[in-house]
Amino acid sequence: MITAQRVDFIAVPAKDRAQLAKFYEDTLGLEKSPTSTERWIEFETGNVTLAIVVPEEAGVEFAPLPFGTIALRVPDVDAAKAKLQEAGVPFAGETWDSGVCKGAAFTDPDGNGIVIHHRYEPYRDGRSPDEQV
């Protein structure tokens, strides 16, 4: 067995790296890593890095990430959804509220599944979801 220490990055498949990176930076407002290059673009989210990759460059056929693969924590799902809709992002279905968290799903321009999400219910140990771990 391996000893996984953490998740270093999630590879987000792109058909057009520059176009998808523009969406992540300009539409979603994610911070582009200063170590990014033309061929390796990363976005920092606070706890995990999203790397925009072209699968065919590694000999792999393009396939988008399925629903919910990337869940971006936002302070207010309704406000974030409204801003994204104003920017032309179509959402799949309605915003949901599970009684523990709230979320809304959409896809990026290449079809990768993204959820904007906010957990409001405290964890079982009493910690607030807003506390930094």
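Up top you'll find the structure we're talking about.
### What about helix α1 (residues 17-27)?
And then number 1: Inspection of α1 places R17, L20, A21, F23 and Y24 among the buried residues, and these make up the whole buried set. Taken around the axis of α1, the buried residues stretch over an arc of 150°, which confines them to a single face. Of the exposed residues in α1, those oriented more than 90 degrees away from the buried face are A18 and K22.
And then number 2: Turning to α1, the residues buried within the fold contact β1 (9-13), β3 (41-44), β4 (49-53), β5 (70-73), β7 (101-107) and β8 (113-119).
And then number 3: Among the residues of α1, the N-terminal cap falls to D16, whose side-chain oxygen and the backbone nitrogen of A18 are separated by 3.2 Å.
And then number 4: Positioned one or two residues after α1, G29 has a phi angle of 75°, which is positive.

### Some words on the sheet that holds β4
And then number 1: The mixed open sheet is built from 4 strands, whose spatial order is β1-β4-β3-β2. Two strands lie at the open edges of the sheet, namely β1 and β2 (31-32), each paired on one side alone.
And then number 2: Judged from the 5 bridges that link them, β1 and β4 form a sheet pairing that is parallel. Following the sheet pairing, F9 is matched in β4 by T49.

### Quick word on the side chain of D110
And then number 1: Within the secondary structure layout, D110 lies in the loop between β7 and β8.
And then number 2: One buried charged residue, D110, forms no salt bridge at all, with the nearest opposite charge on K15 at 5.1 Å.
And then number 3: Once residues lying within four places of it in the same chain are set aside, the contact partners of D110 are P13, A14, K15, D16, L20, F62 and P64.

### With respect to the environment of P13
And then number 1: Take P13: it is sitting in strand β1.
And then number 2: Using a relative accessible area of 7% as the deciding quantity, one classes P13 as buried.
And then number 3: It is 7.3 Å that separates the C-alpha atoms of P13 and L65, two residues lying 52 residues apart in sequence.
And then number 4: Setting aside anything within four residues of it in sequence, one finds P13 in contact with L20, V53, P55, F62, A63, P64, L65, D110 and N112.

### Let's talk about the layout of surface pockets
And then number 1: Counted as a void, the largest pocket has a volume near 960 Å³.
And then number 2: Around the largest pocket, the lining comprises 32 residues; the ones closest to its centre are T45, N47, L72, R73 and V74.
And then number 3: For the lining of the largest pocket, the elements supplying multiple residues, two or more each, are β5, α2 (77-86) and β8.
And then number 4: Among the residues forming the lining of the largest pocket, the class breakdown is 18 nonpolar, 8 polar and 6 charged.

### Quick word on the pattern of salt bridges
And then number 1: As enumerated under the stated definition, the model contains 8 salt bridges in all.
And then number 2: R17 is the partner of E57 in a salt bridge, and the nearest nitrogen-oxygen pair spans 2.6 Å. Taken together, the residues span a long stretch of sequence, with E57 in the loop between β4 and β5 and R17 in helix α1 at a distance of 40 residues.
And then number 3: A residue is classified by how much of its surface remains accessible, and R17, at 10% relative accessible area, is buried.
And then number 4: Across the pair E25 and K32 runs a salt bridge, and its minimum N-O distance is 3.9 Å.
And then number 5: By relative accessible area, which is 34% here, E25 ends up partly exposed.
And then number 6: Judged by relative accessible area, which is 35%, K32 ranks as partly exposed.
And then number 7: Overlapping salt bridges bring together R17, R39 and E57 as one network.

What counts and how
- Residues numbered from 1 in each chain as written.
- Predicted model: local features only at pLDDT ≥ 70, side-chain atom pairs only at ≥ 80, totals over all residues.
- Heavy atoms only, no water.
- Buried < 20%, exposed > 50% of the residue type's maximum accessible area, 1.4 Å probe, protein only.
- Helix = DSSP H or I, 4+ residues; strand = E, 2+ residues; numbered from the N terminus.
- Arc of directions from axis to C-beta.
- Contact = heavy atoms within 4.5 Å.
- Polar contact = N/O pair within 3.5 Å; in protein donor to acceptor, adjacent residues only side chain to side chain.
- Pairing = 2+ DSSP bridges.
- Lys, Arg positive; Asp, Glu negative; His and termini not counted.
- Salt bridge = Lys/Arg side-chain N within 4 Å of Asp/Glu carboxyl O.
- 1 Å grid on protein atoms, 1.4 Å probe; cavity = no way out; pocket = protein on both sides within 12 Å on 5 of 7 lines; lining within 4 Å.
- Points joined across faces, edges and corners; volume = space filled by probe spheres on them.
- Nonpolar A, V, L, I, M, F, W, Y, C, P; charged D, E, K, R; others polar.

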